[in-house]
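So you can see what is in the structure, the chains are spelled out below.
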Amino acid sequence: MSAPAERTGVIHDIGYRRYAGARMSSAGIAGSLLASGVLAVFGFGRSGKAKILPFVLLGMTMVPAVVMVGIMSFIGLDAGLLNYASYNAGSSFLVVLFVAAQAPVLFSRDLRSGVISLYLARPLGASAFALIRWASLVLAILAFVLTPLLVLFIGGLSAGASFTEELPRVAWALAGAVVLALLVATVAALVSSWTLRRGLAIAGTIMVLLVGLGVTVALKETLFFEGMDTAAHWVSLLSPFALVDAVTAVLGGTDAQITSAPESVATGWLLVSTALALMAVGLLLLIRRYRSKGA
Amino acid sequence: MTVIQTRGLTKRYGSGAPPALADLTVDVADGVTGLVGANGAGKSTLIKLLLGLLAPTSGSGSVLGHDITAGGEAIRRAVGYMPEHDCLPPDMRCIDFVVHMGRVSGLPAAAARERAADVLRHVGLAEERYRLMGGYSTGMKQRAKLAQALVHDPQLVLLDEPTNGLDPAARDDMLALVQRIGHDFGIPVLVTSHLLGELERVSDHVIVLDAGRLLRSEETQAFLADTGVVLVEVIGAADAQQRMGEALAARGLVSRPRGSLIEIDPVTLPDDADGEAATRAHDQLRDVVRDTAADLGVGLVRVQAQTGRLEDVFREEVPA
Ligand SMILES: Nc1ncnc2c1ncn2[C@@H]1O[C@H](COP(=O)(O)OP(=O)(O)O)[C@@H](O)[C@H]1O
Ligand SMILES: [Mg+2]
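Residues numbered from 1 in each chain as written. Chains lettered and ligands numbered in written order. Predicted model: local features only at pLDDT ≥ 70, side-chain atom pairs only at ≥ 80, totals over all residues. Heavy atoms only, no water.

### Quick word on the coordination of the magnesium ion (ligand 2)
Residues and elements named next belong to chain B.
Working step 1: Ligation of the magnesium ion (ligand 2) by protein atoms is provided by Ser 44 (OG) and Glu 84 (OE), these donors lying 2.0 to 2.5 Å from the ion. Of this pair, Ser 44 sits in helix α1 (residues 43-50) while Glu 84 sits in the loop between β6 (79-82) and α3 (94-104); the two residues are 40 residues apart in sequence, bridging distant segments of the chain.
Working step 2: A relative accessible area of 15% means that Ser 44 is categorised as buried.
Working step 3: What makes Glu 84 partly exposed here is its relative accessible area of 22%. (Donors = N, O, S within 2.8 Å, 3.2 Å for Na, K, Ca; no water. Helix = DSSP H or I, 4+ residues; strand = E, 2+ residues; numbered from the N terminus. Buried < 20%, exposed > 50% of the residue type's maximum accessible area, 1.4 Å probe, protein only.)

### Re the interface of chain A and chain B
Working step 1: Across the boundary between the two partners, chain A contributes 40 residues, which contact 51 residues of chain B.
Working step 2: Of the roughly 4,100 Å² buried between chain A and chain B on both sides combined, carbon and sulfur atoms contribute 51%.
Working step 3: Along the contact surface separating chain A from chain B lie four salt bridges.
Working step 4: Asp 118 of chain B is the partner of Arg 17 of chain A in a salt bridge, and the nearest nitrogen-oxygen pair spans 3.0 Å.
Working step 5: One can count 19 residue pairs in polar contact (both at pLDDT 80 or more) joining chain A with chain B.
Working step 6: Those elements giving two or more residues to the side of chain A that touches chain B turn out to be α1 (3-7), α2 (26-41), α6 (108-113) and α7 (115-119) of chain A.
Working step 7: Split by residue class, the side of chain A that touches chain B holds 17 nonpolar, 14 polar and nine charged. (Contact = heavy atoms within 4.5 Å. Buried area = accessible area lost by both parts, 1.4 Å probe. Salt bridge = Lys/Arg side-chain N within 4 Å of Asp/Glu carboxyl O. Polar contact = N/O pair within 3.5 Å; in protein donor to acceptor, adjacent residues only side chain to side chain. Nonpolar A, V, L, I, M, F, W, Y, C, P; charged D, E, K, R; others polar.)

### Considerations on a nonpolar patch on the surface
Working step 1: On the surface, a nonpolar cluster with roughly 500 Å² of combined accessible area is contributed by Met 207, Val 208, Val 211, Val 215, Leu 219 and Leu 238 of chain A.
Working step 2: Inspection of the secondary structure puts Met 207 of chain A in helix α10 (residues 198-225). (Patch = residues over 30% accessible without salt bridge, like charges linked within 9 Å, V, L, I, M, F, W, Y side chains within 5 Å. Areas by Shrake-Rupley, 256 points an atom, 1.4 Å probe, with all protein chains shown as cover.)

### Overview of the domain arrangement of chain B
Working step 1: Taken as a whole, chain B is organised into domain 1 (2-223) and domain 2 (226-317).
Working step 2: The distance between the C-alpha centroids of domain 1 of chain B and domain 2 of chain B comes to 40 Å. (Domains from an automatic or database assignment.)

### Section: the nonpolar core
Most often, soluble globular proteins keep nonpolar side chains buried together rather than apart.
Working step 1: By size, the foremost hydrophobic cluster in this structure holds 153 residues, and its most contacted members are Trp 134 of chain A together with Leu 158 of chain B.
Working step 2: The element best represented in this core is helix α8 (residues 126-158) of chain A, accounting for 16 residues.
Working step 3: If we ignore the near neighbours within four places in the chain, the residues touching Trp 134 of chain A are Phe 107, Leu 182, Ala 185, Thr 186, Ala 189, Met 279, Leu 283 and Leu 286 of chain A.
Working step 4: In terms of nonpolar packing, the next biggest core, distinct from the first, is built from 13 residues, Met 244, Leu 285, Val 289 and Ala 293 of chain B among them. (Core = buried A, V, L, I, M, F, W, Y, C linked by side-chain atoms within 4.5 Å.)

### Topic: empty space enclosed by the protein
Residue and element names in this part refer to chain A.
Working step 1: The tally for this structure, following the rule as stated, stands at one cavity of 30 Å³ or more.
Working step 2: Lining the largest cavity are Ala 85, Asn 88, Ala 89, Ser 92, Trp 172, Ala 173, Leu 180, Phe 241, Val 244, Asp 245, Thr 248 and Ile 258.
Working step 3: Contributing elements (two or more residues each) for the lining of the largest cavity: α4 (84-90), α9 (163-194) and α12 (240-252).
Working step 4: For the lining of the largest cavity, the element with the highest residue contribution is α12, accounting for four residues.
Working step 5: Across the lining of the largest cavity, the residue classes break down as eight nonpolar, three polar and one charged. (1 Å grid on protein atoms, 1.4 Å probe; cavity = no way out; pocket = protein on both sides within 12 Å on 5 of 7 lines; lining within 4 Å. Points joined across faces, edges and corners; volume = space filled by probe spheres on them.)

### Re the side chain of Ser 92 of chain A
Residues and elements named next belong to chain A.
Working step 1: One can find Ser 92 in helix α5 (residues 92-106).
Working step 2: What makes Ser 92 buried here is its relative accessible area of 8%.
Working step 3: Other than its neighbours up to four places away in sequence, Ser 92 contacts Leu 213 and Phe 241.

So this is what it looks like as structure tokens:
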């Protein structure tokens, strides 16, 4: 191979090799796309500086967990410090920043740069593609919110907390984190697949999630004050964070961190089911968005 | 071998809209097939129909033996596609991108890496493969787009306007590459262009679309054959061209001015005339031209046979 020839754009006369090896099934392709999507959220497979923001945010959300575990081990404070539910609520600002900044990587970027037309000309169809992108974001958010919870849990155990006491509490927090990831990913996916510019997508996601949380809290307080408790509980549906907080509180018996939780377990389950149904509607919209881009 | 077949394929984007593709029946075989037509002729629509991305309004088609309505996934596994518009994420290195596209086309990881390096060398991006594509020139972007269409070793490639936006030198390189894919790599190619003249050099077969309708589908040779038309350029007084034309008419030849040239129609030969008779008629025509010029006292700059060009298809068959 002679390097100077390449520089002038002359094509080398090296024989073309056919590929006769194995090819993956659709499931295999889906798996590989899912993995590359999760990695892309954390900046892998992209430019070097794309890794900075996600890891800085991840580092920031870990700090309280590390500090708490450290305090427990060195000063010997008791396990009451391990409040997983408050961790979820307390880190919601960082979660919003992370999702707002990174969802455009999976959604705006494909649609804006036109790569979508390449993906849709590949074996997976538009619907599968949209759902895999969404699932990548869900997994990335889970990695973001579960890592500090696990640090807290494992660190707490090694500092002497009781496994049997901690397990149900952390389990509820983990379940809450999963629902939170599902809902937040859907919101962010919708926002960033409609606003194709990264800046707009970031602002839009922050707006919907953070301002949504503020509005939800204010509305709920007002309604409670007016004595309209049932309406107040349903208002939780406006914000994934408020919803997960209220629902884990009533179902898991933890302390509600954001606003007071409903008292009836049935209301709790009804709220989660409704939220998941809304999520399904959101996913249908997302699929329609990708379908329309295909042609 | 037939790789693409359409039968009465029609696509309307809206029920009231005129068809973007109307009743198209063509067969595409191995080698390089040029799909030519002005902007809006329906070239991209045809490609999207063939990929199963659009549903036909009526008619049918098959690609590599798979039906375009029922076999979309099978088609998209076996075909490489280079869209006409931008489709490269600017924040990815070219090599990572091509490997990734290999993976989503069904290649295992190791094979995707190996083939990505291979095809990037073939398209001439070996040196620049570690750069972010956001910084690529148009020529490099087109090559990267071509590389991703080849990475999974497709059995057919559909290239939508690969020369769009390229300067003449880069266009020649791209066309040479297209020809290599069709002939040396042995991958059948369907390549589109809105520039009527550029594909005739590299394609074995040309399909001409006009406003969604099939104008012609022929071996390229048929387009390029000697048309029998003779082009003449004269110098002399300002009216030399006009006088020459009148004198030719007086000798029973049909001619018309074409820019600074005079275009003379061939003498009609009897149906049973053989090639030799045609050559003789041609030589006689040239002799007549020379004599006419000498009689008029105008200078003859050149007399040349005109070979067919794709533009002529439009001149002949589309009412102005
Ligand atoms: N998505 C679409 N919706 C409506 N009309 C379309 C769409 N895509 C193409 N068209 C119309 O169909 C015709 C053919 O377009 P196209 O296939 O893109 O032509 P070409 O690729 O030859 O330039 C044009 O009149 C164009 O305006
Ligand atoms: Mg087009």
